[in-house]
Amino acid sequence: AGPGSYTVGTMSERFDCHYCRDPLQGKKYVQKEGRHCCVKCFEKFCANTCIECKKPIGADSKELHFKNRYWHDNCFRCFKCYTSLVNEPFMLRENNKVWCSNCTATEDAPRCKGCFKHIIAGDQNVEYKKMVWHKDCFTCSQCKQVIGSGSFFPKGDDFYCVSCHEHKFAKTCAKCKNPITSGGLTYQEQPWHSECFICSNCKKQLGGKRFTAVEDQFYCVECYKECVAKKCAGCKNPITAGFGRGTSVVNYEDESWHDYCFKCTKCARGLANKRFVCHNGKIYCADCPKRL
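Because the structure is a prediction, the values reported are computed rather than measured. The residue numbering used here restarts from 1 in each chain and proceeds along that chain's sequence as written. In keeping with the predicted nature of the model, local features appear solely for residues at pLDDT of at least 70, side-chain atom pairs appear and are counted solely at 80 or more, and the whole-chain, interface and lining totals rest on all residues. Calculated side-chain values reflect all of the structure's heavy atoms, with hydrogen atoms and water omitted.

Novice: Sorry if this is basic, but what is going on with the overall build of the chain here?
Specialist: A tally of regular secondary structure across the chain gives four helices and 21 strands. The quantity called the radius of gyration is restricted to C-alpha atoms. Its globule counterpart is 2.2 Å times the number of residues to the power 0.38. Against the compact-globule benchmark of 19 Å for 292 residues, the chain has a radius of gyration of 50 Å, which places it well outside the compact range. Once the C-alpha set of the chain is aligned to its principal axes, its extents read approximately 165 × 30 × 20 Å. Exposure classes here rest on a 1.4 Å probe applied to the protein chains alone. A residue is buried below 20% of its type maximum, exposed above 50%, and partly exposed in between. For the chain, the residues scored as buried account for 29% of the 292 residues in total. Secondary structure counts use DSSP, requiring at least four H or I residues in a row for a helix and at least two E residues in a row for a strand, with both numbered from the N terminus.

Structure (structure tokens):
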């Protein structure tokens, strides 16, 4: 592939070199733009300069050209891998360097955030917020094990596998002391697993339900009534302070009453927060014992 702007031949007629005036008869010469010159003067005054080696491209050399740039055929190689690009696809990149298609694809590929090498087509990778890693380079900041395509937790510039995130950042359940990874609830500023915050008697979960606490034990309403609550000396039903009617309790000599059950045995007057008399084990208002 030589240029069409000049021809090379052997002079049979009487001509002199256009530049040095030496006779050309019987010698190899070059004709360019209607002028005849010897090979030496051609290389000195007329030849194109190879953009790679910076030397003239002589009349006996094969010349390649692209966009007003010229190369010797053996200089036309990939800047990255040095593969010959004669009859091969190529791209002209910065600083007038030519690259083969494979090296161009690699150079334009994204770089792994872990090893900083290119991620080329076919490589397994992980992407997160416009960042990319080789699959084996995406590791836990704590244990250094490969996360790959598994679940992870971002924390600033660090990434943690599920196990390390649980031990490093998750709240610890007040009962079982294990990390709370999802859900959970808070009671008296302490975190609990939902499955750990349960009735001490029936073991039902208490999250979102009414309950009462007795000496660090929790009870649902039904179990509190059945197992813990005192029985009213009047109506014989459980006294469930805090659960509806009967929030006030009257205690007298190891017995307890709902406030609405503490009344005079004779006239049924309510005696909560009032003077009363105990006669033969029964409760009376201040006036009724006089009528007995």
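Let us keep going from here.
Novice: What should I look at first to understand the domain arrangement of the chain in this one?
Specialist: Size of an interface: often given as the accessible area lost when the parts come together. Each domain span listed reflects an automatic or database assignment of domains. Domain boundaries in the chain define domain 1 (7-76), domain 2 (109-168), domain 3 (173-227) and domain 4 (229-291). Measuring from the centre of the C-alpha atoms in domain 1 to the corresponding centre in domain 2 gives 59 Å.

Novice: Help me understand the packing of aromatic side chains in this model?
Specialist: The geometry of an aromatic ring pair is captured by two quantities: the separation of the ring centres and the angle between the planes. Within 6.5 Å between ring centres, the rings of Phe, Tyr and Trp (the latter by its six-membered ring) count as paired, and their orientation is classed by plane angle as stacked under 30 degrees, edge-to-face over 60, tilted in between. Going through the model one piece at a time under the given rule, you end up with 23 aromatic pairs. Pairing F66 with F90 gives two aromatic rings, centres 5.2 Å apart and planes at 85°, and the pair type is edge-to-face. With F66 in strand β4 (residues 63-66) and F90 in strand β6 (residues 90-93), this residue pair connects regions lying 24 residues apart in the sequence. On the basis of relative accessible area, F90 is assigned to the partly exposed category, the value being 30%. Pairing Y187 with F197 gives two aromatic rings, centres 5.6 Å apart and planes at 45°, and the pair type is tilted. Taken as a pair, Y187 in strand β14 (residues 185-187) and F197 in the loop between β15 (190-192) and β16 (211-214) lie far apart in primary sequence, ten residues in all.

Novice: What am I meant to see in the nonpolar core here?
Specialist: Most often, soluble globular proteins have nonpolar side chains that are buried together. We call a set of buried Ala, Val, Leu, Ile, Met, Phe, Trp, Tyr and Cys residues a nonpolar core when their side-chain atoms join them within 4.5 Å. If you look at the biggest cluster of nonpolar residues, it comprises 13 residues, and the most contacted ones within it are W71, F76 and L85. Broken down by element, this core gets its largest block of residues, three residues, from strand β7 (residues 97-100). Contacts between residues were defined by any pair of non-hydrogen atoms, one from each residue, lying within 4.5 Å. Contact partners of F76, with chain neighbours within four places excluded, come to L64, W71, T83, S84, L85, V86, F90 and V98.

Novice: Is there a simple way to explain unusual backbone geometry in this structure?
Specialist: Among all residues except glycine, the phi angle is most often negative; among peptide bonds, the trans geometry is most common. Phi at K130 is positive, roughly 65°, even though this residue is not glycine. With respect to the helices, strands and loops of the structure, K130 is situated in the loop between β8 (125-128) and β9 (131-134). K130 sits in the exposed class, given a relative accessible area of 91%. The phi dihedral of E215 falls on the positive side, at around 50°, and the residue is not glycine. When you line up the elements, E215 lands in the loop between β16 and β17 (217-220).

Novice: Would you take a moment to explain the pairing of β16 for this structure?
Specialist: Side chains on a regular strand alternate between the two faces of the sheet. DSSP calls a pair of strands paired once it identifies at least 2 bridges connecting them. Pairing of β16 with β17 involves four bridges; the strand directions are antiparallel. Across the sheet, residue A213 finds its bridge partner in β17, namely F218. Where β16 hands over to β17, the hairpin turn is made up of two residues, of which E215 adopts a positive phi near 50°.

Novice: I would appreciate a short explanation of the pairing of β9 in the present structure.
Specialist: Both β8 and β9 contribute to a ladder of four bridges, which runs antiparallel. Bridged to Y128 within β9 is M131. The antiparallel pairing of β8 with β9 creates a hairpin that spans two residues between the two strands, and K129 there sits at a positive phi of about 50°.

Novice: Would you take a moment to explain the state of the cysteines for this structure?
Specialist: Disulfides are covalent bonds that link the sulfur atoms of two cysteine residues. Disulfides are defined as pairs of cysteine sulfur atoms found within 2.5 Å of each other. Enumeration according to the criterion identifies zero disulfides in this entry. With no disulfide partner, C232 has as its closest neighbouring cysteine sulfur the one in C261, 3.8 Å distant. With relative accessibility at 1%, the residue C232 sits in the buried group.

Novice: Even after reading the chapter, I still don't get the environment of C20, so can you show me in this structure?
Specialist: When you line up the elements, C20 lands in the loop between β1 (6-10) and β2 (28-32). On the accessibility criterion, C20 (30% relative accessible area) is partly exposed. Placed 70 residues apart in sequence, C20 and F90 show a C-alpha to C-alpha distance of 40 Å. Residue contacts for C20: discarding those within four places in its chain leaves C38 and C41.

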